[in-house]
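Listed below, chain by chain, are the residues.
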Amino acid sequence: MGTPILSPWAVLVLTLVLVGLWAPCVASRQPNFIVILADDVGWGDLGANWAETKETPHLDQLAAEGTRFVDFHSAASTCSPSRASLLTGRLGVRNGVTHNFAIASLGGLPLNETTLAEVLREAGYSTAAIGKWHLGHHGRHHPNSRGFDYYFGIPYSHDMGCTDTPGYNLPPCPPCPRHGTAARVARKDCYTEVALPLFENLTIVQQPVELGSLARRYAEEAARFIQRASDSGRPFFLYLALAHMHVPLTLPPAPGRGIYGASLSEMDALVGRIKEVADSLGKGSTLLWFTGDNGPWAQKCELAGRLGPFVGAWQRQRGGSSAKQTTWEGGHRVPALVYWPGRVPARRTSHALLSILDIFPTLVALAGAALPPNRRFDGLDVSPVLFGHSDVGHKVLLHPNSGAAGKVGGIEALRLAQYKAFYTTGGAMACDGSTGPAERHQPPLVFNLDRDIQEQEPLDVASREYQAVLPAISRAYAQALQDIAADNISVADYSQDPAAIPCCSVQHVGCRCHGAHGATRDPHVGNRAPRLCL
C-alpha cells in the first residue's frame with residue numbers, strides 16, 4: 001500500500017490546526033520575575049535620573065534598554081511597612097505593618113495576609129527571597145513560611161547587630177565583643193550585644209556576618225537560584241532585597257567618589273550581574289523591576305543618598321529632614337526601572353503616577369493568577385503602562401505617616417493628579433540633628449508639583465486654584481478613609497521577647513558561632529534543625 005499523498009488544501013488545514021494548538025502554549029508561557037529592592041536609595045542616586053550621578057552605568061543601561069518611571073513611590077517611607085506593601089499590594093493600615101519590627105519581635109507580617117510569593121508559588125513558580133527581610137523572623141513569620149522556597153539573607157536591617165568589621169556609619173559603631181561583658185562598649189544607636197546573623201533557609205550560617213563579602217554572596221546565591229529554576233523548567237520569582245544603600249556602608253572611599261559613591265558603584269555592578277544572568281536565559285523571558293523601599297536617611301549626612309530635586313523646601317525652612325520617615329517627596333519618591341526585552345519599550349520615560357503597591361497585582365496578572373479574595377488592594381495592575389499602551393496610573397495615591405509626624409501608618413497626606421495635600425507635616429532628624437515639629441493643617445497644605453517639585457510654596461488658600469481643587473481633594477480623602485474602614489484589616493503583633501532574637505550559639509558572647517566564619521552548612525544535609533531560637 002503506498003504512502004498517502006495529502007492535497008495542498010489538506011496540508012494547509014493541518015498546518016493551521018497545529019499552529020492553533022501550539023499558539024496557546026507559547027502565549028501562556030509564564031514569564032520569570034526578578035524584583036530588586038534597594039534600601040534607602042535616593043531618586044537622584046541613578047545617573048539616568050540625575051546627571052550629577054556618575055556611579056551607575058549598569059542601572060543607566062537598564063534604563064536605556066527598558067522604561068524609567070519618574071513618578072514612582074514607595075508605599076511608606078520606612079523599611080518594614082514598605083516591604084509589607086510590596087508583598088501584599090496593601091497599605092500598612094490594611095495589612096497591619098505600620099512601623100519596623102525589632103530583633104526580638106515575636107510577630108511580623110500578619111499570617112492572614114497573602115504574599116506575592118504565596119500566590120506565585122501556587123501558580124507554579126519557584127520562589128526565592130535573597131537579602132533583607134524585616135517582616136518578622138520568629139516561627140511562621142520566617143520567609144520560608146511566607147511563600148519562599150529558598151531564603152538567603154539577613155532577617156532585618158544590617159545595622160541591627162554587631163559585626164567584626166562594622167564599616168562606615170554615623171555615629172561609628174564598635175565591633176562585636178569577643179571576651180565577656182567587660183569588653184562590651186555601649187554606643188547610642190548601635191547594637192552591641194548580639195551579632196548580626198546570616199540565614200540560609202532556617203539555619204544561621206554565619207554570625208556575625210562578614211559584611212565585606214555580602215554583595216558578592218547575594219549575587220552568587222541569586223545566580224544559583226536562577227540557574228536551578230531554569231534547569232527545573234519552572235518559571236521563577238526572585239525577590240532580591242539589597243543591603244545597599246543602607247548604613248553601614250562597607251567599601252572604603254574610591255577616588256573622586258567617596259564612601260557613598262563606592263557603595264553605589266558596588267550596588268550598580270551587582271544589578272548589572274543579575275541582568276546578565278537573566279539575559280543568559282534568553283532575552284524576553286524575564287521581567288526585571290528595580291526600585292527602592294524609601295528615600296535617603298538624611299541624618300547619616302554624607303553617607304545618605306541623593307534626593308535629586310525633591311528637597312521638601314517648605315519643611316527644611318522649618319527644621320528637620322524631608323527624606324526618609326516623612327511624607328515629603330524625598331521620603332517616598334524612589335527610582336524605578338522595568339526591563340523586559342520585547343515587551344516593555346526601551347528608552348522610554350513614563351510620568352504615570354505609580355507605586356510599589358502595583359508590583360503585586362501586576363505580576364499576579366502577568367502570571368495568569370488571581371488576586372486573593374476577601375480584601376481590597378491599594379495597588380493596580382499597571383501592565384498597560386509597562387507595555388507603553390497607557391501612561392495613566394493612580395488617580396489618587398495615599399502616603400502614610402512613617403515616623404516623622406502623626407500616628408504611624410495613618411493617612412494624612414495624599415496625591416491627586418499633580419496636587420499633593422498634607423493634613424499633617426513634620427521633619428525627620430536631619431544631618432545637623434534638628435527635627436521639624438509636627439503641624440496639623442486644616443484646611444490642608446496643597447502643592448502643585450507640576451510647578452513646584454521642590455515643595456517650597458503651598459497654594460494660597462484664597463487663590464482660585466486652591467478653591468477649585470480643594471473639594472476634589474476632600475472627597476478623595478474621605479472616600480479613601482471610608483474604603484479602608486470597610487476593608488478586612490489585619491493587625492500585626494509588635495510584642496517582643498529576647499528568646500526570639502536569632503542566636504546560633506547562646507554559650508558565646510554576642511551569639512558568635514564557632515570559627516572565624518561561623519557555622520557552615522553541610523550541602524548533603526537537608527533542612528536540618530536550626531541552631532537558633534525560633
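Residues numbered from 1 in each chain as written. Predicted model: local features only at pLDDT ≥ 70, side-chain atom pairs only at ≥ 80, totals over all residues. Heavy atoms only, no water.

In this structure the tally under the stated criterion is five disulfides. Cys173 shares a disulfide with Cys190; S-S distance 2.0 Å. Measuring the twist about the S-S bond at about -85°, one finds the Cys173-Cys190 disulfide to be left-handed. Here the residue Cys173 occupies a position in the loop between strand S5 (150–153) and strand S6 (198–200), and Cys190 occupies one in the loop between S5 and S6, the gap between them amounting to 17 residues. Given a relative accessible area of 13%, Cys190 falls into the buried group. Disulfide pairing is shown between Cys503 and Cys511; the S-S distance is 2.1 Å. Disulfide Cys503-Cys511: torsion about the S-S bond near -105°, hence left-handed. With relative accessibility at 6%, the residue Cys503 sits in the buried group. Looking at Cys511, the relative accessible area reads 10%, which means it is buried. Bonded cysteines in the protein chain are paired 1-3, 2-4, 5-6, 7-9, 8-10 when counted in the order they occur along the chain. (Disulfide = S-S within 2.5 Å. Helix = DSSP H or I, 4+ residues; strand = E, 2+ residues; numbered from the N terminus. Buried < 20%, exposed > 50% of the residue type's maximum accessible area, 1.4 Å probe, protein only.)

Below, the discussion takes up the packing of aromatic side chains. Throughout the structure, instances matching the rule amount to 16 aromatic pairs. Ring centres of Phe101 and Tyr494 lie 4.6 Å apart, and the angle between their planes is 10°; this geometry places the pair in the stacked category. Here Phe101, found in the loop between helix H4 (92–95) and helix H5 (116–122), pairs with Tyr494, found in the segment after helix H12 (464–485); they are 393 residues apart in sequence, far enough to count as distant. Among the residues examined, Phe101 registers a relative accessible area of 3% and is labelled buried. Owing to a relative accessible area of 21%, Tyr494 belongs among the partly exposed residues under this scheme. Between the aromatic rings of Phe422 and Phe447, the centroid separation amounts to 5.8 Å while the plane-to-plane angle is 85°, which identifies the pairing as edge-to-face. One end of the pair, Phe422, is in strand S15 (residues 419–427); the other, Phe447, is in strand S16 (residues 436–448), and 25 residues separate them in sequence. Comparing Phe422 with Phe447, the two get one shared label, buried. Grouping aromatic residues by their ring pairs yields a cluster made of Trp133, Phe148, Phe237 and Tyr239. Taking the ring centre of Trp297 as reference, the NZ or CZ of Lys300 above it sits at 4.7 Å. (Phe/Tyr/Trp six-rings, centres within 6.5 Å; stacked < 30°, edge-to-face > 60°. Lys NZ or Arg CZ within 6 Å of the ring centre and 35° of its normal.)

Once that is clear, we can look at the sheet that holds strand S14 (residues 411–416). In space, the four strands of this open sheet follow the order S13-S14-S15-S16, with antiparallel pairing throughout. Because the sheet does not close on itself, it has two edges, and the strands there are strand S13 (396–400) and S16. The mean inter-strand angle of the sheet, taken between neighbouring strand axes irrespective of direction, is 20°. Note: S13 against S14, four bridges, orientation antiparallel. By the bridge assignment for S14, Val396 is matched with Leu416. Strands in contact with H12 are S13, S14, S15 and S16; relative to S14, the strand with the most contacts, it is inclined by about 125°. (Pairing = 2+ DSSP bridges. Axes fitted to C-alpha atoms, helices over the stretch in contact; angles between N-to-C directions. Contact = heavy atoms within 4.5 Å.)

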